[in-house]
Amino acid sequence: MASLGANPRRTPQGPRPGAASSGFPSPAPVPGPREAEEEEVEEEEELAEIHLCVLWNSGYLGIAYYDTSDSTIHFMPDAPDHESLKLLQRVLDEINPQSVVTSAKQDENMTRFLGKLASQEHREPKRPEIIFLPSVDFGLEISKQRLLSGNYSFIPDAMTATEKILFLSSIIPFDCLLTVRALGGLLKFLGRRR
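- The chain goes by MutS homolog 5 in an unreviewed UniProt entry, where it is assigned to Homo sapiens.

**Here we look at the packing of helix α2 (residues 86–95) against helix α3 (residues 108–119)**
So, point 1. Relative orientation of the contacting elements α2 and α3 amounts to 30 degrees, with a least axis distance of 12 Å. When the interaxial angle is binned, α2 and α3 end up roughly parallel. Relative to α3, α2 is oriented so that their crossing is right-handed. On α3, the residues touching Leu88, Gln89 and Leu92 of α2 are Met110, Phe113 and Leu117.
So, point 2. Classifying every residue of the contact of α2 with α3 by side-chain character gives five nonpolar, one polar and no charged.

**A few points about α3**
So, point 1. Compared with the 16 Å implied by 1.5 Å per residue over twelve residues, the 17 Å span of α3 between its first and last C-alpha is a close match.
So, point 2. Looking at the buried side of α3, the elements it contacts are β1 (50–57), α2, β4 (99–103) and β5 (129–133).
So, point 3. With a side-chain oxygen lying 2.8 Å from the backbone nitrogen of Asn109, the N-terminal cap of α3 falls on Asp107.

**Here's the deal with unusual backbone geometry**
So, point 1. Its identity as a non-glycine residue notwithstanding, Ser71 has a phi of 50 degrees, on the positive side.
So, point 2. Within the secondary structure layout, Ser71 lies in the loop between β2 (60–67) and β3 (72–80).
So, point 3. Classification of Ser71 by relative accessible area gives exposed; the value is 51%.

**Brief notes about the environment of Arg127**
So, point 1. With respect to the helices and strands, the residue Arg127 is situated in the loop between α3 and β5.
So, point 2. Judged by its relative accessible area of 31%, Arg127 falls in the partly exposed class.
So, point 3. Linking Arg127 and Ser99, residues 28 residues apart in sequence, is a C-alpha distance of 8.5 Å.
So, point 4. At 3.2 Å, the side chain of Arg127 and the backbone oxygen of Ala118 are in polar contact.

**Quick word on the pairing of β2**
So, point 1. Of all eight residues in β2, seven are buried, a share of seventy percent or more.
So, point 2. The sheet contact formed by β1 and β2 spans eight bridges and is antiparallel. What sits directly across from Leu52, in β2, is Tyr65.
So, point 3. Between the end of β1 and the start of β2, which pair antiparallel, lie two residues, with Ser58 showing a positive phi angle near 50 degrees.
So, point 4. Where β2 meets β3, seven bridges bridge the pair, whose relative direction is antiparallel. Along β3, the bridge assignment pairs Tyr60 with Pro80.
So, point 5. The loop that links β2 with its antiparallel partner β3 comprises four residues; one of these, Ser71, has a positive phi angle of about 50 degrees.

Conventions adopted
Per chain, residues are indexed from 1 in the order of the written sequence. Per-residue local features of the predicted model are confined to residues with pLDDT of at least 70, and side-chain atom pairs are confined, for both listing and counting, to 80 or more; whole-chain, interface and lining totals are unaffected and use all residues. Side-chain numbers come from the whole structure's heavy atoms, not from hydrogens or water. For helices, the fitted line uses only the C-alpha atoms of the stretch in contact; every axis is such a line through C-alpha atoms, and the angle between N-to-C directions lies from 0 to 180 degrees. We count a stretch as a helix when DSSP gives it H or I for four or more residues in a row; a strand needs E for two or more, and each element gets its number in order from the N terminus. Oblique is the label for any angle not covered by the other classes, which are roughly parallel (under 35 degrees), roughly antiparallel (over 145) and roughly perpendicular (65 to 115). Left-handed describes a crossing whose near helix is turned anticlockwise from the far helix by less than a right angle; the clockwise case is right-handed. Contacts between residues were defined by any pair of non-hydrogen atoms, one from each residue, lying within 4.5 Å. Gly counts as polar in this scheme, as do all residues outside two lists: the nonpolar Ala, Val, Leu, Ile, Met, Phe, Trp, Tyr, Cys and Pro, and the charged Asp, Glu, Lys and Arg. Expected span of a helix, by definition, is 1.5 Å for each gap between consecutive residues, and there is one gap fewer than residues. N or O atoms closer than or at 3.5 Å make up a polar contact, with two conditions inside protein: a donor-capable atom paired with an acceptor-capable one, and, for residues adjacent in sequence, both atoms drawn from side chains. Partly exposed describes any residue whose relative accessible area lies between the buried limit of under 20% and the exposed limit of over 50%, with all areas from a 1.4 Å probe on protein chains only and scaled to the type maximum. At least two DSSP bridges between two strands are needed for those strands to be called paired.

Rendered as structure tokens:
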């Protein structure tokens, strides 16, 4: 029986995993269906961006964010947050936004917090860009107007202005003033980015 470099007492060993064979070129690994799906999801996640708009005033936090992966705006009704802004830090850790939009006119605690956030060199995976908009962009009345005058895919064109107001009032907590202002500021930011 002929053998090519194999010892009858030992099983011939091929090249180590990941090592190229000296006789044949190593083909590139072909991902299986599950691996291909995982790579597509990773690529989509890399392309997806989250833009967070936040306001803090008198111990309350108003948050709204836009997720480009599903073109959805999410918001959190006004919530109490300590001066150290622990709730805001938890939100930032959870959603990992690309940008944080806020008013140029801000409380000293928020200014300090955002300064620390912007200076974090080793934040994983990446620290967000801090964007300050003029405080007028976060005015309550202008924010309400932006929300009510927006074109939304989930609202039929046949709906009257009154029906639209009632419908949006059932979704958006207009009594949460910081959230309404954050939503208005977020819409202004998104309008500028187009």
